[in-house]
Amino acid sequence: MSVLVLVLAVAAACCLGFGFVLQQAAAAHAPKRDYLTFRLLLDLMKVRSWLAGIALMVCGMVLGALALGKGEVSLVEPLLATNLLFAMTLSRHRTGQRLGRQGWAGLWLLAGGVAAFLLAGEPKGGQAVSSPLRHWLVVGVVAGLALLLTAFAKRARTVASPALLAVAAGLLYGLQDALTRVSGQRLSDAGWAGLATSWQPYAVIVLGVTGLLLVQSAFETGPLRTSLPALTAAQPLAGIACGIGFMGDRVRTDTGALAWQAAGLAAIVAGIVLLGLHPAMPEGPVGGRRSQSLQPR
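Everything numeric in this text was worked out from a predicted model, so none of it was measured. In this numbering scheme, every chain counts its residues from 1 along its sequence in written order. In keeping with the model being predicted, local features are shown solely for residues with a pLDDT of at least 70 and side-chain atom pairs are shown and tallied solely at 80 or more, while totals for entire chains, interfaces and linings include all residues. The basis for the side-chain values is all heavy atoms of the structure; hydrogens and waters are excluded.

## Some words on the packing of aromatic side chains
Then comes step 1: When the centres of two rings from Phe, Tyr and Trp lie within 6.5 Å, Trp using its six-membered ring, the rings pair. Their planes under 30 degrees apart give stacked, over 60 give edge-to-face, and anything left gives tilted. Summed over the entire model, instances satisfying the criterion amount to three aromatic pairs.
Then comes step 2: Ring centres of Phe20 and Phe219 lie 6.2 Å apart, and the angle between their planes is 75 degrees; on these two criteria the pair is classed as edge-to-face. Of this pair, Phe20 sits in helix H1 (residues 3–27) while Phe219 sits in helix H9 (residues 200–221), and the two are 199 residues apart along the sequence. In this structure, Phe20 and Phe219 share a single accessibility class: buried.
Then comes step 3: For the ring pair Trp136 and Trp199, a centre distance of 4.7 Å and an interplane angle of 25 degrees mean the geometry is stacked. Placement of Trp136 in helix H7 (residues 132–156) and of Trp199 in the loop between helix H8 (161–196) and H9 is noted, with a sequence separation of 63 residues between them.
Then comes step 4: Buried, partly exposed and exposed residues are distinguished by accessible area as a fraction of the type maximum, computed with a 1.4 Å probe on protein chains only: under 20%, between the cut-offs, and over 50%, respectively. Taking relative accessible area as the criterion, Trp199 reaches 32% and is therefore assigned partly exposed. In this description a helix means any DSSP run of H or I spanning at least four residues, a strand means any run of E spanning at least two, and both kinds are numbered starting from the N terminus.

## A word on the pattern of salt bridges
Then comes step 1: We define a salt bridge as a contact between a side-chain nitrogen of Lys or Arg and a carboxyl oxygen of Asp or Glu at a distance within 4 Å. For the coordinates displayed, the defined rule picks out two salt bridges.
Then comes step 2: In this structure, Lys46 and Asp43 form a salt bridge, with 3.8 Å as the shortest nitrogen-oxygen distance.
Then comes step 3: For Asp43, a relative accessible area of 15% gives the class buried.
Then comes step 4: The salt bridge partner of Asp254 is Arg252, with a shortest N-O separation of 3.3 Å.
Then comes step 5: Relative accessible area serves as the criterion here: at 36%, Asp254 is assigned to the partly exposed category.

## What about a nonpolar patch on the surface?
Then comes step 1: Like charges within 9 Å and nonpolar side chains (Val, Leu, Ile, Met, Phe, Trp, Tyr) within 5 Å are joined into patches, using only residues over 30% in relative accessible area that form no salt bridge. Where accessible areas are quoted, they stem from the Shrake-Rupley method and a 1.4 Å probe; at the residue level, only the protein chains shown are allowed to cover. A contiguous nonpolar surface patch, about 300 Å² in accessible area, is contributed by Leu237, Val269, Val273 and Leu277.
Then comes step 2: Relative to the elements of secondary structure, Leu237 occurs in helix H10 (residues 224–245).

## Focus on the packing of helix H4 (residues 73–80) against helix H6 (residues 100–121)
Then comes step 1: The contact between H4 and H6 brings their axes to 9 Å, and the two run at 170 degrees. Of the possible angle classes, the one that applies to H4 and H6 is roughly antiparallel. Touching Ser74, Leu75, Pro78 and Leu79 of H4 are Val114, Phe117 and Leu118, all from H6.
Then comes step 2: When its residues are assigned to classes, the contact of H4 with H6 shows six nonpolar, one polar and no charged. A fitted line through C-alpha atoms serves as each axis, taken over the contacting stretch for helices, and the angle formed by two N-to-C directions is quoted from 0 to 180°. An angle below 35 degrees is treated as roughly parallel, one above 145 as roughly antiparallel, one from 65 to 115 as roughly perpendicular, and anything else as oblique. Contacts are residue-level and defined by heavy atoms, with any inter-residue pair within 4.5 Å sufficient. Note on residue categories: nonpolar means Ala, Val, Leu, Ile, Met, Phe, Trp, Tyr, Cys or Pro, charged means Asp, Glu, Lys or Arg, and polar means any other residue, Gly included.

## Topic: helix H3 (residues 48–70)
The periodicity of an α-helix, 3.6 residues per turn, causes residues three or four places apart in sequence to face the same way.
Then comes step 1: How far a helix is expected to stretch is found by multiplying one less than its residue total by 1.5 Å. For H3, built from 23 residues, the straight-helix expectation of 33 Å at 1.5 Å per residue is met to within 8% by its first-to-last C-alpha distance of 33 Å.
Then comes step 2: Here H3 has its buried residues at Trp50, Gly53, Ile54, Met57, Gly60, Gly64, Ala67 and Leu68.
Then comes step 3: Summarising the contacts, the buried residues of H3 are in contact with H1, helix H2 (38–44), H4, H8 and H9.

## Considering the nonpolar core
Then comes step 1: By nonpolar core we mean a set of buried residues, namely Ala, Val, Leu, Ile, Met, Phe, Trp, Tyr and Cys, connected to one another through side-chain atoms within 4.5 Å. By size, the foremost hydrophobic cluster in this structure holds 74 residues, and its most contacted members are Leu175, Leu231 and Phe246.
Then comes step 2: Contact partners of Leu231, with chain neighbours within four places excluded, come to Phe20, Ala166, Ala169, Gly170, Tyr173 and Val215.

## Considerations on the side chain of His135
Then comes step 1: Along the chain, His135 falls in helix H7.
Then comes step 2: On the accessibility criterion, His135 (13% relative accessible area) is buried.
Then comes step 3: What His135 contacts, discounting residues up to four positions off in sequence, is Leu179, Trp199 and Phe246.

## Considerations on the environment of Leu119
Then comes step 1: In this fold, Leu119 is placed in helix H6.
Then comes step 2: Under the relative-accessibility criterion, Leu119 is labelled exposed at 65%.
Then comes step 3: Taking the C-alpha atoms as reference, Leu119 lies 8.8 Å from Trp260; in sequence the two are 141 residues apart.

## Topic: the packing of H1 against H10
Then comes step 1: Between H1 and H10, whose axes approach to 11 Å, the crossing angle comes to 145 degrees. H1 and H10 meet at a crossing whose hand is right-handed. Residues Phe20, Val21 and Gln24 of H1 lie in contact with H10, whose contacting residues are Leu224, Leu228 and Leu231.
Then comes step 2: Among the residues making up the contact of H1 with H10, the classes are represented as five nonpolar, one polar and no charged. For a crossing to be left-handed, the near helix must be turned anticlockwise from the far one by less than a right angle; the clockwise case is right-handed.

Here it is as structure tokens:
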């Protein structure tokens, strides 16, 4: 593993984790009538803390894109999942909660799962899949599943809706990461003219804006402990699926390696759930009661 890729990915996770906490603290006060509408984003633009969270998220995405430009999607995505550790750090500072057994267990499961998957799988780059059918099949399955989850969350409006929206956003962000790497390769091979005439960079923008709307709607209607674990778990799984599905990423496929990879992914998800349910993760809006309108702060 390149040390540069490791540093870039972890730095990206740090920015993303801090940014998500600040965004949720602001979005939790948004009017419920803004649910799943772009008016929500327009209202949140008036809040300084939300803008700071967005700035951190953009920095995280840029650093993540640089990491994806130098490393495989299947390598970078598990590292980006550690953003929950940094979100936990900021939430602990705000709530004053100690880690305790649950926090330490979640931390070690997440870190150990990432290490197990990377060491057992040894992700390597390969030749991108040339079959358009396979390419569009993977993209269609990921995007279609995100669309179904969003439609159900919008129609049902149950207590599970924030988690469903967060999973949908995570799926789109994982797909966005894969297409970001494809765009970087296109830029390297064909220059700016080749990039401008391909569909991937425009899809990256659409996925980013759509994912942002889903995340903010999840943050608006549910606590951080409901939405962030689902988001953090879905993104690497979708990214790895895309990396292997059409990016040509390769992992070891012998029985022992596959068993350790499966165990690593299961440990990542379990660690994310434990950290997300930790008392340090606020059950509701950070810093006060939910209001019906947003005020700049």
